[in-house]
Every structure is written in structure tokens, then in C-alpha cells.
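Breakdown of the fold
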Amino acid sequence: MSTPNRKVLDVLNGKTVTPPPIWLMRQAGRYLPEYRETRQKAGSFLDLCYSPEFAAEVTLQPIRRYGFDAAILFSDILVIPDALHRNVTFTEGHGPRMDPIDADGIAKLSPEGVMDHLKPVIETVGRLRAELPAETTLLGFCGAPWTVATYMIAGHGTPDQAPARLFAYRYPEAFKRLLDFLAEVSADYLVAQIDAGADAVQIFDSWAGVLGEAEFEAFAVRPVRRIIDLVKSRRPNAKVIAFAKGAGILLRRYRQDTNADAIGLDWSVPLSFAAELQKDGPVQGNLDPMRVVAGGAPLREGIDAILQALGNGPLIFNLGHGITPQADPQHVTELVAQVRSFG
Ligand code: CP3
């Protein structure tokens, strides 16, 4: 099958595209008035994630407004714990909550019914491929086992994931079982997204940066490697972006050790180091989302520095983490225009 000029996919295949293609993490979100309107109509945040009609609508909104080169499926990494009956809720101003899991709960986890529960999300992927412009790359995603596990163990977000780190030291076997289980379920979920029309998938390890060296290897690298091996053994052409936020110098081996096609970089990664990483393959990133809030010279200079350092190699322009609700939509228009004027 031909994939007509999908630039993000071209970069994932190792090409240098000039100007680099662009999309933004969390590009569908509260900074957009049209998102807030649809969100209101949908009811709860999870209702939005499980409504193929509304989820497809909010995925398409930033594509219509900005013409990004990739659309990312609108959902959340926590639909997996939700499918595992952890009672997930999102309340305004408090972030996600769920029943904290313990070693007994981990022993009882079963994959039965998980893919059934996620059917509406898979349906959203199918709708999106049908509705998107042919040249827009469609990205699916899941959370990395470590990041998903941190929420499952604490039952909510924390600043440093201390509950999960402590649990892993105290109950290493139960913790390993949890990560292995999440890797298997996540691989099934990604394969279903690919089969429904996703061109590539991203694995979000947003909390990789709180791990020590040995734990990074055991909790971040190994389970992500397992997901990628499972996905690629079943869909050999699948392309995977792995984003390990805060991994710093450990990124040197991350691509090789996980077998990811591209690695996502957060804004703390020095551009000189990013250029080194780019010699081994495509990179994605890494503008500080606060520059998008600030606008003006900080925005222009941040974009320019990335383009100068990485624009002549395989680059997918993105933020170093999700865009925040305070971002001015007009600043995003300026961001896209500046990236598109490169080269
Ligand atoms: O990138 C995209 O546009 C696709 C959609 C997407 C969302 N969450 C929508 C969302 C993706 C890829 C995610 C991933 C996600 N979710 C991560 C990993 C990436 C990251 O940002 O670190 C994590 C850790 C989560 C868990 C999560 N979901 C938290 C901690 C929160 C609350 C914080 C917040 O911003 O409110 C969410 C809620 C969430 N997920 C929102 C959106 C648009 C905001 C909720 C709302 O609209 O009311």
C-alpha cells in the first residue's frame, strides 16, 4: 500500500525532510476553544476518550487549524488501567485518580476483556484514517509500563513517583509482574491501533527521569523493548517513537536498547547532545512548552536554535513535553510558520 507523502513517516524511515515535519504533544487540548467546547458536550474526560465521534472531532481540530503533519489519536495513557477495572476518574483541578493496586491486585490482573473495553478507541483510529488528509501521518500511542505503573500504584499523580519507586524496591517480583503484564497488554493495544490505520505509534514514558541507572534499565528500557519486540514481530513494518522524559545521558543507549525507530527529546536535552543522538537516527523534539506560552523572542529563538542544530538531519519538530492550557493559539500559528520557513 502506498502512503502518499506522509512526512512524519518519511522521517521515521530515516529521511531528512526540509523543512522538518511538525506536530505537538497534547496538540488537542484545553488551549483550544474548540476543544473546550467539545469537551463540555462530551461529559467527562473518559466519556470523551470513549466517544469515537467526539474523540475523532478533537483529534482533527488542531489539524484543521494548523495543518500539522501528524494527528495523534485523542485518548489517554490511563485508559489501560481503566480497562483493568482500576476505577479511573479525572476531576477538574486534581488530575487522574484510581484505586491504588497492591501485590494481591497485581497477582489478579487479567487481560480478559481489555481489548473489548478499548474497542471505541480503536474505532476512533479507523474514523480518523478515513477523515484525515492523505498526507497527514496518524499516530497511535500508549503509556510506557513504568509511567502507567506509577499511577496504578500511587492511585494518583505525584511529583517524584516515590510510591512506585518504593514499591519496586519492596516487592520486586510483584512489580516485575506488573510491568510485564502492562507490556503485553500495551503491545496488543498498539497492534490493534496499527491495524485500524495508525501509521506509527509513540510510547510515552513521561516519568522515566525519576529512575536511577539500574532502574532505568529494568523499568524503562526492558518493558519498552518488550513492547517494541512484540509489535514488530507481529507487524514488521510498524514504526515506533519512544519518549523517555528526563532520561538525559541515558538516552545515549535508549534507541539501540529499545529498538525504537525514533526517540523523543525533552527540552532539557542539550542541542549538542541531541545532534549526537541524531547521528544514530531520527529525533523528535524539543521546544520548552513555556516558550509557547511566552511567545515573542523566547519562542522565535527557541525554535531557531532547534532548527539550526537539528534541521539538517532527520527531525520531527515537536515540543519537549505537552502543550499547556495557558498557551496562546496564535503563538502556535507563529511556531508552525517559522518551522515551515526553514531551509
Ligand atoms: O497528545 C495528544 O494530543 C493526545 C492526547 C493525550 C492526552 N493525554 C490527552 C489528555 C495523550 C497522548 C496523553 C498522554 C498522557 N496522559 C500522559 C503521557 C504524556 C504526558 O503528557 O506526560 C500522561 C502522564 C497522562 C495522564 C494524564 N492525563 C494526566 C496526568 C492528566 C491530567 C493533567 C492535565 O493536563 O489535566 C491527564 C488528562 C488529559 N489527558 C487531558 C488531555 C487533553 C486534560 C483533561 C481535560 O481535558 O479535562
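Computed from a prediction, not measured in an experiment: that's the story for all the values here.

Analysis parameters
- Note on numbering: residues in each chain are counted from 1, in written sequence order.
- Given that this is a predicted model, residues contribute local features only at a pLDDT of at least 70 and side-chain atom pairs are listed and counted only at 80 or more, while totals for whole chains, interfaces and linings are drawn from all residues.
- Each side-chain value is worked out from all heavy atoms of the structure, with water and hydrogens disregarded.
- The axes are straight lines fitted to the C-alpha atoms, using for helices just the contacting stretch, and the angles between their N-to-C directions are given from 0 to 180°.
- We count a stretch as a helix when DSSP gives it H or I for four or more residues in a row; a strand needs E for two or more, and each element gets its number in order from the N terminus.
- By definition, turning the near helix anticlockwise from the far helix through less than a right angle yields a left-handed crossing, and turning it clockwise yields a right-handed one.
- Contacts are assigned to residue pairs that have any heavy atoms within 4.5 Å of one another.
- When residues are grouped by polarity, Ala, Val, Leu, Ile, Met, Phe, Trp, Tyr, Cys and Pro land in nonpolar, Asp, Glu, Lys and Arg in charged, and all others, Gly among them, in polar.
- Ring pairs shown here join Phe, Tyr and Trp side chains whose ring centres sit within 6.5 Å, with only the six-membered ring taken for Trp; geometry is labelled stacked below 30 degrees between planes, edge-to-face above 60, and tilted in between.
- For every residue, the accessible area (1.4 Å probe, protein chains only) is compared with the maximum for its type, and the residue is labelled buried under 20%, exposed over 50%, or partly exposed between those bounds.
- Any residue with a heavy atom lying within 4 Å of a molecule or strand is counted as near it.
- Within 3.5 Å is the distance limit for a polar contact, defined as a pair of N or O atoms, with the added protein rule that one can donate a hydrogen and the other accept it, and that residues adjacent in sequence qualify only through two side-chain atoms.
- Here the open area of atoms and residues is found with the Shrake-Rupley method and a 1.4 Å probe, where only the protein chains shown may cover a residue.
- Pairs of strands are assigned from DSSP output, requiring at least two bridges between the strands.
- A crossover counts as right-handed when, viewed with the strands pointing away from the observer, the path leading from the first strand over the helix to the second turns clockwise.
- Throughout, the arc means that of the directions going from the helix axis to the C-beta atoms.
- Salt bridges are identified by distance alone: a Lys or Arg side-chain nitrogen within 4 Å of an Asp or Glu carboxyl oxygen.
- UniProt positions are given in the numbering used here, feature names are shortened, and annotations may be inferred rather than shown by experiment.

As for the packing of helix α11 (residues 172-196) against helix α12 (residues 213-234)
- At a minimum axis distance of 9 Å, the contact between α11 and α12 shows a crossing angle of 35°. α12 is crossed by α11, and the crossing has right-handed handedness. Residues F175, K176, L179, D180, A183, E184, S186, A187, D188, L190, V191 and I194 of α11 lie in contact with α12, whose contacting residues are A218, F219, R222, P223, R226, I227, L230, V231 and R234.
- Residues of the contact of α11 with α12, tallied by class, amount to 13 nonpolar, 1 polar and 7 charged.

Details of the packing of aromatic side chains
- Evaluation of the coordinates by the stated rule reveals 12 aromatic pairs.
- Between the aromatic rings of F167 and Y171, the centroid separation amounts to 4.9 Å while the plane-to-plane angle is 50°, which identifies the pairing as tilted.
- Its relative accessible area of 42% is what places Y171 among the partly exposed residues.
- Geometrically, the ring pair formed by F216 and Y254 is tilted, given 5.6 Å between the ring centres and 45° between the ring planes. A residue pair is termed long-range when its members are at least 10 positions apart, and F216 in helix α12 and Y254 in helix α13 (residues 251-258) qualify at 38 residues.
- Taking the relative accessible area as the measure of exposure, F216 reaches 3% and is therefore buried.
- A relative accessible area of 1% places Y254 in the buried class.
- Site record: aromatic cluster; members linked through ring pairs are W146, F167, Y171, F175 and F219.

Side note on the site of the ligand
- Neighbouring the ligand are 22 residues; R26, R30, Y35, S206 and H321 lie closest to it.
- Contact between the ligand and Y35: an oxygen atom at 2.5 Å from a side-chain N or O atom of the residue.
- Note that an oxygen atom of the ligand is positioned 2.6 Å from one of the side-chain N or O atoms of H321.
- Compared with its free state, where it exposes 880 Å², the ligand has 88% of that area covered by protein.
- Grouping the constituent residues of the shell around the ligand by class yields 14 nonpolar, 4 polar and 4 charged.

Looking at the pairing of strand β5 (residues 200-205)
- The element β5 is largely enclosed, with a buried count of 6 among its 6 residues.
- As judged from the 5 bridges shared by strand β4 (residues 137-143) and β5, these two strands associate in the parallel manner. Residue pairing across strands places C142 opposite I203, the latter belonging to β5.
- Across 6 bridges, β5 lies against strand β6 (residues 239-244) in parallel orientation. Residue pairing across strands places F204 opposite F243, the latter belonging to β6.
- Crossover connection from β5 via α12 to parallel β6: handedness right-handed.

Some details on helix α10 (residues 162-170)
- Within α10 the residues assigned to the buried category are A164, F167 and A168. The buried residues of α10 occupy one face: seen down the axis, they fall within an arc of 100°. Seen from the buried face of α10, the exposed residues on the opposite side, beyond 90 degrees, are Y169 and R170.
- Tucked inside the fold, the buried residues of α10 contact α6 (103-108), α9 (145-154), α11 and α12.

Considering the pattern of salt bridges
- Enumeration according to the criterion identifies 20 salt bridges in this entry.
- Salt-bridge contacts for K279 lead to E276; the nearest nitrogen and oxygen are separated by 3.0 Å.
- Because the salt bridges share partners, they merge into one network encompassing R6, R129 and D199.

Details of the UniProt feature "site: Transition state stabilizer" (unreviewed entry) in the protein chain
- In the numbering used here, UniProt assigns the "site: Transition state stabilizer" (unreviewed entry) feature to D76.
- Counting through the fold element by element, D76 comes out in the loop between β1 (70-72) and α5 (79-83).
- For D76, the residues in contact, after removing those within four places along its chain, are F45, C49, F90 and F141.
- At 2.9 Å, the side chain of D76 forms a polar contact with the backbone nitrogen of L78.

Observations regarding unusual backbone geometry
- Residue P19 is reached from T18 by a cis peptide bond, and omega for that bond is -10°.
- As for its position among the elements, P19 is in the loop between α1 (7-12) and α2 (33-42).
- Of note, the amide linkage connecting G285 to N286 takes the cis form, showing an omega dihedral of -15°.
- Tracing the sequence through the fold places N286 in strand β8 (residues 283-287).
- Phi is positive for H85, which is not a glycine, with a value near 65°.
- Classification of H85 by relative accessible area gives exposed; the value is 64%.
- Residues other than glycine seldom take positive phi values, yet N87 does so here, at roughly 65°.
- Mapped onto the fold, N87 is located in the loop between α5 and β2 (89-91).

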